[in-house]
Amino acid sequence: MADPIRWARYRWQRLISSEGREGSSSSNSSNKCYQSSKTIGKHRIVIPCLGHFKEEYEKVSKLYMNNKIRTTKYTLLNFLPRNLFEQFHRVANLYFLFLVVLNWVPLVEAFQKEITMLPLVVVLTIIAVKDGLEDYSKYKMDKQINNLLTKVYSRKEKKYIDECWKNVNVGDFIRLSRNEIIPADMVLLYSSDLDGICYIETASLDGETNLKQRQVVRGYSEQVSEIDPEKFSSRIECESPNNDLSCFRGFVEHSNKDRVGLSKENLLLRGCTVRNTEAVVGIVVYAGHETKAMLNNSGPHYKRSKLERKVNTDILWCVLLLILMCLTGAIGHGIWLSRYSEIPFFNIPEPDGKLIPPILAGFNMFWTMIILLQVLIPISLYVSIEIVKLGQIYLIQNDIDFYHEKTDSTIQCRALNIAEDLGQIQYIFSDKTGTLTENKMVFRRCSIAGQEYCHEENAKRLESYQEMDSEDEDSADHQCGSSTHMSKWRGHNCRAVNEPLNRKSLNQLSGSYPALGREDGAGDGPHSGHVAFSSPIETDVVPDAQLLEKFSQISSHSYQQSEEASSRLSLEAMYITDFFLALSICNTVVVSVPNQPRHKMRLSSLGRMPIKSLEEIRQMFQRLSVRRLSSSPLPSVKESSSESPYSFVSKLSIFRMKLASPALDGAAQRAAEPHDTDSPENSQVPQELGTVNVAASCEHNDAASSIEVSPLPKLCYEAESPDEAALVHAARAYKCILQSRTPDQVTVDFAGLGSLTFQLLHILPFDSVRKRMSVVVRHPVSNKVVVYTKGADSVMMDLLRTASQVGTNNSEMEQKKIKKRTQKHLDDYARRGLRTLCIAKKVMSDAEYAEWLNHHFLAETSIDNREELLLESAIRLETELTLLGATGIEDRLQEGVPDTIQALRKAGIKIWMLTGDKRETAVNIAYACKLLEPDDRIFTLKSQSRDACALVMSKILEGIQNTSAKKKPSQKLGNVSASVSTQAPGFSAGLVIDGRTLEHVLHDSLQNIFLELTEKCRAVVCCRATPLQKSVLVRLVRNKLKAMTLAVGDGANDVSMIQVADTGVGILGQEGMQAVMASDFAVSQFRHLRKLLLVHGHWCYTRLTNMVLYFFYKNVAYVNLLFWYQFFCGFSGTSMTDYWILILFNLLFTSVPPIIYGVLDKDVSAEILMQLPQLYMMSQKSVAYLPSTFWITLLDAFYQSLVCFFVPYFTYYGSDIDIFSFGNPINTAALFIILFHLLIECKSVTWIHTVVTVGSILFYFVFALAFGATCKSHNPPSNPYWIMEKHMTDPVFYLVCLLTTCVALLPRYLLRVLQGTLFPSPVLRAKHLDRLTPEEQREAIKRWKDDCIVNCRVDFQATSGSSNSATGAVPEEESIASVLPTSETPFQACSRDGLVEDTSFLPDIQDESGHTNGLDSEKTVFLNSSNETNSDTFGSNNSYAKVSVCASEEGSSAVSLAHKAGLNSVLCEENALMYFTKLEC
Amino acid sequence: MKNKTSFPPREGEARPSRCPDNSAFKQQKLPAWKPQLTIATVLSSFFLTGAFCLSVGVCLILSTNSVREIQIDYSDKCSDCSKLRENSSNWNKECHCSVNFMLKEDILGDVFMYYGLQNFYQNHRRYVISRSDAQLLGRNVNIQKSYCAPFTTYRNGTPMAPCGAIANSMFNDTIDLFYNLKSSVIQVPLLKTGNSWWTDKNVKFRNPKSYNLSSAFAGTARPPYWQKPVYLLDEEDERNNGYINDNFIIWMRVSAFATFRNLYRRVSRIRQFADGLPAGNYTFHISYNFPVTKFKGRKYVILSTVVWSGGSNPFLGIAYVVSGTAATLTGFVITAIHLKLRKKKAYFQK
């Protein structure tokens, strides 16, 4: 009994110990997080194929792919079977295969076996050839890439030799020179750069053209000489291949079991290009298909369009029809047979002389009929749809209006089969930044230490820019571009190896085929990508006079101040200094000089100043010590203590001293610093000494700085985000110039202080969770560790120092004041639509730092849950911050955005703005881009609990329904289109909702009410939405409302939304290619959506629907001819047409015109469509393809086939006509009918239509004549010999064809005539406009629009009038509806700007003031009503919901005053019930 | 061209702009004829169509009216024979009957003699294909592979010539026409060749090559329903014998409908028949071989003239007149609507 337990314990201990061993070996640190052995299996171990690793290498590397890639789907051998297999995945193809097989059953065989196969074979062949060609080009590309050469270390020859890419294996050492392409994912082990940095350009991977910095694995960067692969004796363990480009985890284990963490900073990705670095050496970790680039290449994706789904259902109808017809045939045949008691001559008995019983014969006939009438299911339809879509895409891609000159980019259609969906969009979900706005950040305002600087001059400059916008930017682009171009060109020469590579292949290197649009830009384009975020509008910042004044006074004033004085000015000066330092340091901007592009500015003044080099040495020592410090888990107390004795005051004084000497400070600092570090006592050295010391070098410094200043404009900042660039440029305007940045240090040229070199200890990069980034630097002056943080105010404000420290009460108060005022400024900025950032700093003692560093180091080296640990570590650092100030950055609207949005809304499309920005910013942008209009009522949904949210929403809904019911009792238009009709004219509302509320709203129970609410609103703005929420929203609307959705965005955060939507549109913006990669269409400007939807969407949709309907018509009409004949041939399945002609009729004679029609038909011209967005509603409501349309088409087809059959029938009745001579006029007439029907349907006939139609007719006759002349005997004996020839000489033939055609087409023609004259649809009316002269046209369009507006106005006035009279209000069109949950609590004063000052103590529901803000705030009236309720009013939940319902009118200021006055009196009214009230003044 | 690149070309790379061509096709601005249904085009189209149809219709009716035709159903008139033929064992018994009729007026011009069959589904799918064109071309083919089954070979393997159901069921009545002038009976001279299409007779149907027909068809047997082998179809005329027999050729051109007529003879315009058939009493002498009762069919013999628009079927003319009238009426209706609506403002074309 005890034994098993003991055994178990033994096992357990063994397990533990082995795990412990594992753990201890994995890291020297205690909490190395190695979770379990199961994850180890997922890791990959990379060992160089060298020396003692050889055996293990052989064992391990067999498991890994080599670098050979094969992106082709087929090989020569498997092409046929595999292609066929794939093609037969299509149900339609299977159906036709079934028919072919069926035809081989002798009993039911209708045609000659081989002939039935023909259509299928043709279709399969066409598609197979297409696939084959595609695959072949891929194969060629693969081959080219596989045979590229690179330098791989060879063990035999002990040097790097040229090797093809395909022969590169995991574990190989690769040496790359500048401008070479990286062949596989490798860990960077050596860089010729002294700092162990390598720059890579990832343009071909993600389209981002700024350089990315990669770092040599820690521990290797100090090596002076190149790494010797022979001596490399470490193992690399990293995660298994995955497609996450932004993440790489692993570690290097040295032979002494030391581990060094690896991150994406150490990984060079396949397909990227090495820039600015002479040589790098790396070890391959992932190769071939396992590289991140290849794993990311998912290839094109297929979506099924709505129309296609509808077509499929209609095809099912056709199947039903077919079955019906076949049943008729079967039953008819049975009955016909049973009439004969014995075998008649014409019924051929079975070989045994018996006749099959009628029922069996009828059963067989059913299948025969299916074969005979198979054309009813149009096989050619699928092929034709594909071809038409290709044609449509081709035309869209070639539209010159989508060409954006500045970026030399045009539209990219990445999904080939959903073009017609563009015509049916009902909802657009748009990102804000970069989609509606330019994503060109312009520094507008800032607030430092509670003091606002509004930069009026800058605003003026921007206005002038707005006017002369494009040319300036062009020239700027040019300037910047031309210089870089040279070097790029040189780069091409260097890349001799890559010469055969064209751009496409370059793309494929990275595995990102779809990056087509940007290849040029990435390759050598001088456009926006390259000069990212540095158009003059962004770079030229005119400093604020006041601030500049203060800035320049910093030094001189403080110079005169006494040291201890903590006077306002000096403190402010410190704030200003720190603020600008933070602006220029706290970022990841890469500095380069254009004429030496992508060469980072490395210690620009090095060598010019001897003292500087001394400084260098000192810093190098320091760096080493720090590194030692950082590499050892427990930093020595000695080091940290050596610097600790500084008091805050002394540091301050020193700092101020530096500030005091404008000319000398740089030198003084340098002079002083060594003293500082060496001996604390020396800090008391009199200033004079310092001054004297550096007096000599002062001139140098001046000279140097003058040199540095003159090439100032040549500094190029390459930032990851435009905000960063904007801030750096702003700082530069104040002569706080970021000079250079290396991984270890940042040099800033500070106007008053000279060059300051900060030792860069850490960068905690930006992430969307923290919403902030920080840098940890060692301040060169104070030598303290300083953390500069910038981030969103919502998170930053909570991180500020609050706990009172003894003795600093004064500054504490100051901080509080600053915080309050800054918050006010921030709110103001947000209201102006500016993007806000808070800047804060924190001074750390070395001990604190060391402690933090310890933790951080652990986080960095852990492999599994490193992200969380790093996040935790960052959060630990970013506390207790001191607020320095805030910035307001303007992101200008893109050109034409308001117009586009207005047009799209007129087109009946609902536009939602989903953004991560603040509510105020989002709302203001919404106003600016006309998404919301000043007349709109804005409902703001902001609640903290689900219940409250539900309540508020139902109240709003109730309110809307009340008002709308009151306003327009007769407005119900029926439920044709709920989304349009419910949104009645004269009543328009907007909904603003924030991310946290969205969370509640998206819960299952609230979805319906939320959607109901949004349907009533004409615009919805979601702010603070996460990418996931965006996609959930889109999916919600798509699934629940069954609406067609389009998502448009430009950044990685929009990808999920773009993928979920029916149609995803990516904007080729400044934020890389991820959105574009995920999208179906990529445009360069938001305004292009207008033409894309209104014109191409409309065209594609109407064209394709008409073509599909025509195809149905054509097939039904033609097949019915055969069906009618069955009634006269005993339902025996005879066809009166030769089989060849029968089969080829669809395949050859009538296939091209509909395709041309589908590609080229143009019902209304593009100009009219653009001017009358209302026309879009036609296609949106699927007017062209209603079920009734389908059935009318079928009816028409039936009629036409009846005419086409029975006119010849009665003409030839009782004559000696033979079967094929009878079929010939029918067939010919059918051809004419079908082709002329198309002409009637055609809205515009070009020469192409004419050629194709005439060509088809000619081809038919030529074929029939030739066939008739040659086939004396072909088996089966459906022998049309000489029939056409005979008929061509017979007048009756012509008369029959003529009459048949006329009579058949008469109803359709009449219908079109009546439609065109009596009940013209809007599209027809618009078409009519095309014929008018330009003046008339303008007049007519104006009248049309006026009609619309008048209609709306009438409604509006009627409704508002009634409401006014009901309330007895002033005759302003003014109505304020407000949910006023009131209670005993006194009315809470509400801030005019509509922001909640304090939310924490609010009880349950607060009716929060809403606000609206038009473009010009002067005219906008803010009407706020605020009230507060007790928690017992609404359930027991302790959360609160705020709703603000507010409407504002753009009125005169007098009115606004009156409003304000009215507010005060009315709002104080108290009521225990919630009610909807009208406020009047 | 809108394509103005803002960058002057630099050395080494004249990078083509991505700007699409500004061609009419690519910009979808091809000059197009936009058929506009204006009142002028609509009305003119209806009235023109109407006028055209009416005139053609009148012409057709006039020409059809000039056709003289007489049709005699003889399936019941020879009831004895039809009874006899019902039993297929009597196939080789001859049966004759005569049918008298009177022409009240002359039939002028070319007179064609047809035999008509009712309810004979020559257009049955399997019947239609039951032939071998290659065999009929005189080629020595393996008819086993053709669609002739089951009329390909006898049990002993002798192939049928011609094979297939169509040939087997060939109409084999012989009809002679006699003109009863006063008391004398004159046989109306009938042409038995030249009735089929020239191409059929000279291209599509060929006898096997041999020194004489009987040897050419040696080794083959007649189809089961035939009374005599194929090379005895017309013993008088070598060029009307075998496969190129006109009656055979015409029969092989399967008819489109279950009720049909086939050209049998033409009246030879000689002697008193130079202008056609004069009025008077006539008699058909029919050798009744073809059974029709089996399939509830009927047999006719038809004498008719032919005009450019075909036979006596007036349908086409009437159809033209009707549709012409309809088009004209529609035109008037549209005019009325137009006039009425023009007074109202709502009419968008003003």
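All figures in this text were calculated on a predicted structure; none of them were measured in a lab.

A. Structural view of the overall build of chain B. For chain B, the helix and strand inventory stands at 9 helices and 11 strands. Relative to a compact globule of 350 residues, whose C-alpha radius of gyration would be 20 Å, chain B shows 32 Å and is clearly more extended. Its C-alpha atoms give chain B principal-axis dimensions of roughly 100 × 65 × 40 Å. Counting over 350 residues, chain B shows a buried share of 51%. Of the contacts formed within chain B by residues at least 6 apart in sequence, a portion of 78% connects residues at least 24 apart. Approximately 16700 Å² of chain B is accessible, and the part contributed by carbon and sulfur atoms is 56%. Chain B carries 45 positive and 23 negative side-chain charges, and their two centres are separated by 14 Å.

B. Looking closely at the overall build of chain A. Counting secondary structure elements, chain A contains 50 helices and 39 strands. Of all 1481 residues assigned to chain A, the portion counted as buried reaches 61%. Considering only contacts within chain A whose residues lie at least 6 apart along the sequence, 77% involve residues at least 24 apart. Accessible area for chain A stands at about 57000 Å²; split by element, carbon and sulfur atoms hold 59% of it.

C. Looking closely at the state of the cysteines. All names here are of chain B. Counted according to the given criterion, the structure contains 2 disulfides over all chains. The disulfide bridge from Cys 81 ends at Cys 95, spanning 1.7 Å between sulfur atoms. Between Cys 81 and Cys 95, the S-S dihedral sits near -85°, and the bridge is therefore left-handed. Here Cys 81, found in helix H2 (residues 79-86), pairs with Cys 95, found in the loop between H2 and strand E2 (96-103); they are 14 residues apart in sequence, far enough to count as distant.

D. Spotlight on the sheet that holds strand E26 (residues 834-844) of chain A. All names here are of chain A. Across the sheet, 9 strands lie side by side as E17-E16-E27-E26-E25-E24-E23-E22-E21; this open sheet has antiparallel pairing. A strand with exactly one partner marks an edge of an open sheet, and here the two such strands are strand E17 (451-453) and strand E21 (736-741). Averaged over all pairs of adjacent strands, the angle between their axes in this sheet comes to 30°, without regard to strand direction. Strands strand E23 (754-767), strand E24 (772-778), strand E25 (785-791) and E26 of the sheet are contacted by helix H27 (residues 846-861), whose axis makes an angle of about 40° with E23.

E. Summary view of the packing of helix H38 (residues 1088-1126) of chain A against helix H40 (residues 1152-1160) of chain A. Residues and elements named next belong to chain A. At a minimum axis distance of 7 Å, the contact between H38 and H40 shows a crossing angle of 160°. Judged by the angle between their axes, H38 and H40 are roughly antiparallel. Read as a crossing pair, H38 and H40 show a hand that is right-handed. Residue-level contacts link Arg 1103, Asn 1106, Met 1107, Tyr 1110 and Phe 1111 of H38 to Pro 1154, Ile 1155, Tyr 1157, Gly 1158, Val 1159 and Leu 1160 of H40.

F. Region of interest: the environment of Val 1083 of chain A. Residue and element names in this part refer to chain A. Positionally, Val 1083 belongs in strand E34 (residues 1081-1083). Using a relative accessible area of 0% as the deciding quantity, one classes Val 1083 as buried. Residues contacting Val 1083, with those up to four places away along its chain left out, are Ile 411, Val 1065, Gly 1066, Ile 1067, Leu 1068, His 1088 and Leu 1092.

G. Seen up close, the pairing of strand E10 (residues 280-287) of chain B. Residues and elements named next belong to chain B. Across the 8 residues that make up E10, a large majority, 6, are buried. Note: E2 against E10, 8 bridges, orientation antiparallel. Bridged to Cys 97 within E10 is Ile 286. Sheet topology note: the strand E5 (residues 174-181)/E10 ladder contains 7 bridges and is antiparallel. By the bridge assignment, Thr 174 is partnered in E10 with Ser 287.

H. Summary view of a nonpolar patch on the surface. A contiguous nonpolar patch, built from Ile 323, Leu 327, Ile 331 and Ile 335 of chain A and spanning about 350 Å² of accessible area, is present on the exposed surface. Take Leu 327 of chain A: it is sitting in helix H9 (residues 306-338).

I. Quick look at the domain arrangement of chain B. Considered domain by domain, chain B is made up of domain 1 (52-67 + 314-332) and domain 2 (69-305). The C-alpha-based centres of domain 1 of chain B and domain 2 of chain B are spaced at 36 Å.

J. A look at the environment of Val 1060 of chain A. All names here are of chain A. When you line up the elements, Val 1060 lands in helix H36 (residues 1055-1060). Through-space distance from the C-alpha of Val 1060 to that of Val 1032 is 8.3 Å; in sequence the pair is 28 residues apart. Contact partners of Val 1060, with chain neighbours within four places excluded, come to Ser 1031, Val 1034, Arg 1035 and Arg 1038.

K. Spotlight on the interface of chain B and chain A. Listed by partner, the interface residues are 98 residues for chain B and 117 residues for chain A. Summed over both sides, the interface of chain B with chain A buries roughly 9600 Å², with 63% coming from carbon and sulfur. Considering only the side of chain B, the residues that lose the most area to chain A are Arg 18, Gln 28 and Arg 125 of chain B, jointly responsible for 9% of the buried surface there. Along the contact surface separating chain B from chain A lie 1 salt bridge. Note that Asp 1218 of chain A and Arg 253 of chain B form a salt bridge whose closest N and O atoms lie 3.1 Å from each other. Where chain B meets chain A, there are 23 residue pairs in polar contact (both at pLDDT 80 or more). Going through the elements one at a time, helix H1 (39-65), helix H3 (125-128), helix H4 (133-136), helix H6 (198-204), strand E8 (260-267) and helix H9 (315-343) of chain B are the ones with two or more residues in the side of chain B that touches chain A. It is H9 of chain B that provides the largest number of residues to the side of chain B that touches chain A, a total of 9 residues. A per-class count over the side of chain B that touches chain A returns 50 nonpolar, 26 polar and 22 charged.

L. Up close: the environment of Asn 783 of chain A. Take Asn 783 of chain A: it is sitting in the loop between E24 and E25. Judged by relative accessible area, which is 6%, Asn 783 of chain A ranks as buried.

M. Highlighting the sheet that holds E2 of chain B. Residues and elements named next belong to chain B. In space, the 4 strands of this open sheet follow the order E2-E10-E5-E6, with antiparallel pairing throughout. The outermost strands of the open sheet, each flanked by one partner alone, are E2 and strand E6 (184-187). Shown here is a sheet whose adjacent strand axes are inclined to one another by a mean of 30°, direction ignored.

N. Local environment of the pattern of salt bridges. Residue and element names in this part refer to chain A. All chains considered together, the criterion is met by 43 salt bridges over all chains. Here Lys 389 makes a salt bridge to Glu 420, at a shortest N to O gap of 3.2 Å. A residue pair is termed long-range when its members are at least 10 positions apart, and Lys 389 in helix H11 (residues 379-397) and Glu 420 in the loop between strand E14 (412-413) and strand E15 (427-430) qualify at 31 residues. Side by side, Lys 389 and Glu 420 carry an identical accessibility label, which is buried. The partner of Lys 955 in a salt bridge is Glu 958, and the shortest N-O contact between them spans 3.9 Å. Taken together, the positions of Lys 955 and Glu 958, both in helix H31 (residues 946-967) and 3 residues apart, correspond to about one turn of that helix.

O. Structural view of the UniProt feature "transmembrane region" (unreviewed entry) in chain B. Following the UniProt record, the feature "transmembrane region" (unreviewed entry) maps to residues 37-63 and 315-339 of chain B here. Taken end to end, residues 315-339 of chain B is 100% helix and 0% strand, and its two terminal C-alpha atoms sit 36 Å from one another.

P. Just the nonpolar core, in detail. Phe 1222 of chain A together with Trp 251, Leu 277 and Phe 284 of chain B are the most contacted members of the largest nonpolar core, which totals 203 residues. Element by element, the count of residues in this core is highest for H38 of chain A, at 18 residues. The residues that make up this core include at least three from each of domain 1 (52-67 + 314-332) and domain 2 (69-305) of chain B. Tyr 453, Tyr 717, Leu 738 and Val 781 of chain A belong to the second-largest nonpolar core, a separate cluster that totals 64 residues.

Q. Focus on the side chain of Asp 846 of chain A. Note on placement: Asp 846 of chain A falls in helix H27. A distance of 3.3 Å separates a polar atom in the side chain of Asp 846 of chain A from a polar atom in the side chain of Arg 778 of chain A.

R. Geometry of the pairing of strand E9 (residues 250-253) of chain A. Residue and element names in this part refer to chain A. Neither face of E9 is exposed, since Gly 250 and Val 252 on one face and Phe 251 and Glu 253 on the opposite face are all buried. Here strand E8 (residues 235-239) runs beside E9; their pairing, made up of 4 bridges, is antiparallel. Directly across from Ile 236, in E9, lies its bridge partner Val 252. In this sheet, strand E10 (residues 259-262) lies alongside E9 in antiparallel orientation, the contact comprising 4 bridges. Looking at E10, one finds that Glu 253 is bridged to Arg 259. The loop that links E9 with its antiparallel partner E10 comprises 5 residues; one of these, Lys 257, has a positive phi angle of about 70°.

S. Fine view of the confidence of the model for chain A. Residues and elements named next belong to chain A. Considering every residue of chain A, the mean pLDDT works out to 71; 68% of them sit at 70 or more. Of the regions scoring below 50 in pLDDT, residues 14-40 engages in 32 contacts with residues more than four places distant in sequence or in other chains. Predicted confidence is poor over residues 595-618, with pLDDT under 50, and the contacts of this stretch with residues over four places away or in other chains come to 60 contacts.

How each quantity is defined
Residues numbered from 1 in each chain as written. Chains lettered and ligands numbered in written order. Predicted model: local features only at pLDDT ≥ 70, side-chain atom pairs only at ≥ 80, totals over all residues. Heavy atoms only, no water. Helix = DSSP H or I, 4+ residues; strand = E, 2+ residues; numbered from the N terminus. Rg over C-alpha atoms; globule rule 2.2 N^0.38 Å. Buried < 20%, exposed > 50% of the residue type's maximum accessible area, 1.4 Å probe, protein only. Contact = heavy atoms within 4.5 Å. Areas by Shrake-Rupley, 256 points an atom, 1.4 Å probe, with all protein chains shown as cover. Lys, Arg positive; Asp, Glu negative; His and termini not counted. Charge placed at Lys NZ, Arg CZ, Asp CG, Glu CD. Disulfide = S-S within 2.5 Å. Pairing = 2+ DSSP bridges. Axes fitted to C-alpha atoms, helices over the stretch in contact; angles between N-to-C directions. Parallel < 35°, antiparallel > 145°, perpendicular 65-115°, else oblique. Left-handed = near helix turned anticlockwise from the far one by under 90°. Patch = residues over 30% accessible without salt bridge, like charges linked within 9 Å, V, L, I, M, F, W, Y side chains within 5 Å. Salt bridge = Lys/Arg side-chain N within 4 Å of Asp/Glu carboxyl O. Domains from an automatic or database assignment. Buried area = accessible area lost by both parts, 1.4 Å probe. Polar contact = N/O pair within 3.5 Å; in protein donor to acceptor, adjacent residues only side chain to side chain. Nonpolar A, V, L, I, M, F, W, Y, C, P; charged D, E, K, R; others polar. UniProt positions renumbered as here; feature names shortened; annotations may be inferred. Core = buried A, V, L, I, M, F, W, Y, C linked by side-chain atoms within 4.5 Å. pLDDT = per-residue confidence, 0-100.

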